[in-house]
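Now for the letters of each chain:
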Amino acid sequence: MQESIESKHFFSTELLKWYGRSKRDLPWRRQRDPYYIWVSEIMLQQTRVDTVIPYFNRFIERFPTITDLAQAPEEDVLKCWEGLGYYSRARNLQTAARQVVERHGGVVPNVKSDVAALKGVGPYTTGAILSIAFNQPEPAVDGNVMRVLSRFFLIEEDIMKLRTRTLMEQLAAELIPEGRAGDFNQALMDFGATVCTPKSPHCLTCPVMVHCEARLEGAEERLPLKSKAKPPRPEYHLVALVEGEGDHEGRILVRQRPNSGLLARMWELPYIPADAKVGEGAGLPDGPAMDRLAAALAEAGVSARPIEPFMNAEHTFSHIHWNLRVFRFQEAAELMAMLGFAAEANAQYEINAAITKESDEATQQYRWINREDMADLAFPNVFLRILDEYYKQK
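Residues numbered from 1 in each chain as written. Predicted model: local features only at pLDDT ≥ 70, side-chain atom pairs only at ≥ 80, totals over all residues. Heavy atoms only, no water.

S.K.: In this structure, what is going on with the side chain of Asp-158? I would like to understand it.
M.R.: Counting through the fold element by element, Asp-158 comes out in the loop between helix H9 (143-152) and helix H10 (162-175). No salt bridge is formed by the buried Asp-158; the nearest opposite charge belongs to Lys-161, separated by 5.0 Å. Setting aside its immediate chain neighbours within four residues, Asp-158 contacts Thr-164, Leu-225, Lys-226 and Ser-227. (Helix = DSSP H or I, 4+ residues; strand = E, 2+ residues; numbered from the N terminus. Buried < 20%, exposed > 50% of the residue type's maximum accessible area, 1.4 Å probe, protein only. Lys, Arg positive; Asp, Glu negative; His and termini not counted. Salt bridge = Lys/Arg side-chain N within 4 Å of Asp/Glu carboxyl O. Contact = heavy atoms within 4.5 Å.)

S.K.: Is there a simple way to explain the nonpolar core in this structure?
M.R.: Proteins that are soluble and globular tend to have nonpolar side chains buried together. Ranked by size, the top nonpolar core spans 65 residues in total, and within it Trp-38, Phe-59, Phe-379, Phe-383 and Ile-386 carry the most contacts. No other element matches helix H16 (residues 381-393), which puts seven residues into this core. Of the domains in this structure, domain 1 (1-217) and domain 2 (234-393) are the two that each give at least three residues to this core. Residue contacts for Trp-38: discarding those within four places in its chain leaves Ile-66, Leu-93, Ala-96, Ala-97, Val-100, Val-108, Leu-118, Val-121, Thr-125 and Ile-129. In terms of nonpolar packing, the next biggest core, distinct from the first, is built from 33 residues, Val-145, Met-146, Val-148 and Ala-214 among them. (Core = buried A, V, L, I, M, F, W, Y, C linked by side-chain atoms within 4.5 Å. Domains from an automatic or database assignment.)

S.K.: Explanation requested: unusual backbone geometry in the structure shown.
M.R.: When glycine is set aside, most residues are seen to have a negative phi, and most peptide bonds are trans. At the junction of Leu-223 and Pro-224, the peptide bond is cis and its omega measures out at 5° in the coordinates. The residue Pro-224 is located in the loop between helix H12 (213-217) and strand E1 (233-243) in this model. We note that Gln-46 has phi near 65°; this positive angle belongs to a residue other than glycine. Inspection of the secondary structure puts Gln-46 in the loop between helix H2 (34-44) and helix H3 (49-62). Taking relative accessible area as the criterion, Gln-46 reaches 65% and is therefore assigned exposed. Phi at Arg-265 takes a positive value of approximately 65°, unusual for a residue other than glycine. Tracing the backbone shows Arg-265 in the loop between strand E2 (252-256) and strand E3 (267-268). By relative accessible area, Arg-265 is classed as buried at 17%.

S.K.: Which parts of the structure should I look at to understand the packing of H2 against helix H6 (residues 88-104)?
M.R.: Two measures define how a pair of helices packs: the angle their axes make with one another and the distance between the axes. Relative to each other, H2 and H6 sit at 155°, their axes nearing to 10 Å. With respect to H6, the element H2 is oriented roughly antiparallel. Crossing angle aside, the handedness with which H2 passes H6 is right-handed. Along its contact with H2, which presents Trp-38, Val-39, Ile-42, Met-43 and Leu-44, the element H6 presents Arg-89, Leu-93, Ala-96, Ala-97 and Val-100. Tallied by class, residues from the contact of H2 with H6 come to nine nonpolar, no polar and one charged. (Axes fitted to C-alpha atoms, helices over the stretch in contact; angles between N-to-C directions. Parallel < 35°, antiparallel > 145°, perpendicular 65-115°, else oblique. Left-handed = near helix turned anticlockwise from the far one by under 90°. Nonpolar A, V, L, I, M, F, W, Y, C, P; charged D, E, K, R; others polar.)

S.K.: Sorry if this is basic, but what is going on with H3 here?
M.R.: Structurally, the α-helix is built with 3.6 residues per turn, so residues lying three or four positions apart point the same way. In this model, H3 (14 residues) spans 20 Å end to end at C-alpha, consistent with the 20 Å of a helix rising 1.5 Å per residue. Turning to H3, its buried residues number three or more, namely Val-49, Val-52, Tyr-55, Phe-56, Phe-59 and Ile-60. Summarising the contacts, the buried residues of H3 are in contact with H2, helix H4 (66-71), helix H5 (74-81) and H6. (Expected span 1.5 Å × (residues − 1).)

S.K.: Which parts of the structure should I look at to understand helix H8 (residues 123-134)?
M.R.: Relative to the 16 Å expected for 12 residues at 1.5 Å per residue, H8 spans 16 Å between its end C-alpha atoms, a close match to the ideal helical length. All buried positions along H8 are accounted for by Tyr-124, Thr-125, Thr-126, Gly-127, Ala-128, Ile-129, Leu-130, Ser-131, Ile-132 and Ala-133. Trailing H8 by a residue or two, Asn-135 shows a phi angle of about 55°, which is positive.

S.K.: Could you clarify how one ought to interpret the packing of aromatic side chains in this entry?
M.R.: Both the distance between ring centres and the angle between the ring planes are used here to describe each pair of aromatic rings. Across all of its chains, the model carries 16 aromatic pairs by this definition. Ring geometry for Trp-18 versus Phe-191: centroids 5.6 Å apart, planes at 80°, classification edge-to-face. Here Trp-18 is found in helix H1 (residues 2-22), whereas its partner Phe-191 is found in helix H11 (residues 181-194), with 173 residues between them in sequence. Aromatic pair Trp-28 and Phe-56: ring centres 5.2 Å apart, planes at 75°, arrangement edge-to-face. Taken together, the residues Trp-28 in the loop between H1 and H2 and Phe-56 in helix H3 connect sequence positions 28 residues apart. Note on accessibility: Trp-28 and Phe-56 belong to one class, buried. Ring pairing ties together the aromatic residues Phe-11, Phe-152, Phe-153 and Phe-184, which thus form one cluster. (Phe/Tyr/Trp six-rings, centres within 6.5 Å; stacked < 30°, edge-to-face > 60°.)

This is how it looks when you write it as structure tokens:
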């Protein structure tokens, strides 16, 4: 037991010394503003620091206070988040900001139960806010921290299990030096990100290598133990990149996703499932694929003729892997007129386009946009890549 106490003291002391020499200069660390810390921690979930920094700076410039964020249109928040992914984070953050305004007068609370009650704020983010902003001795345990603790203390337990996380949180709390909670938790974060990395940890430059039990056992590459998550479900879709003509010359047809569900209310290129049976559409010939897309567009009130296959694209969400086959189309308004369909179709299009953003209607609204319009509309990453490639070729 005495050895364990000494080992813990050594770990905490040396890690803080290392942090004093090596801590990263990050924009949210330049002042202990709880709002800045909160925003940064939400952005850093599933995302690298280098990616987050420019997003954080733009976000704070656009929404400098919690009240600004709470009062902003959701579309503005999503646009500012565009490209960062995991968009539920942005929605939850704005909902929580409104909770702070309504319940706490726009001031981030410093009571654990109040922080934990905010939308999208779990145990890790609660600990990060309380320790970094208010220097309260609360652990902030994420994957980085569990990796570090698993290795230094040779904890051979599956970190995906709740029991192991609880063990890690208890251990992390014991390690916090009195009065140094914020510095210690940030030291752990930096150490896991830059030294005790997932692969090829930098043991030779590690400030605590002398007493690292995993290194002494030759187990640093094997730990932490982590059971494999279920692989994402594959989905295959056919995408229409429709170029306008006539009044829509120089524009592309897009539509807004429904008000709820995956990527809610974001904009996208129209697409349909490649086949009723998941996976079987991967090899659908281009001709039948374009015919099915043309029929789907006609049902939405848009007549378009297929031109050619354009590109393939993929995107992985936490539980779904999209495989997209993109085809170029050309609007064919004159064909609609020849068939006597133009008036009815255009009327339906106007109805769709007039749906307000507050509507609960399931119908997706369509819109013709140019490249400049993209500055105001939020698109998922995969559609941004497709549109960027299109405009690059144009």
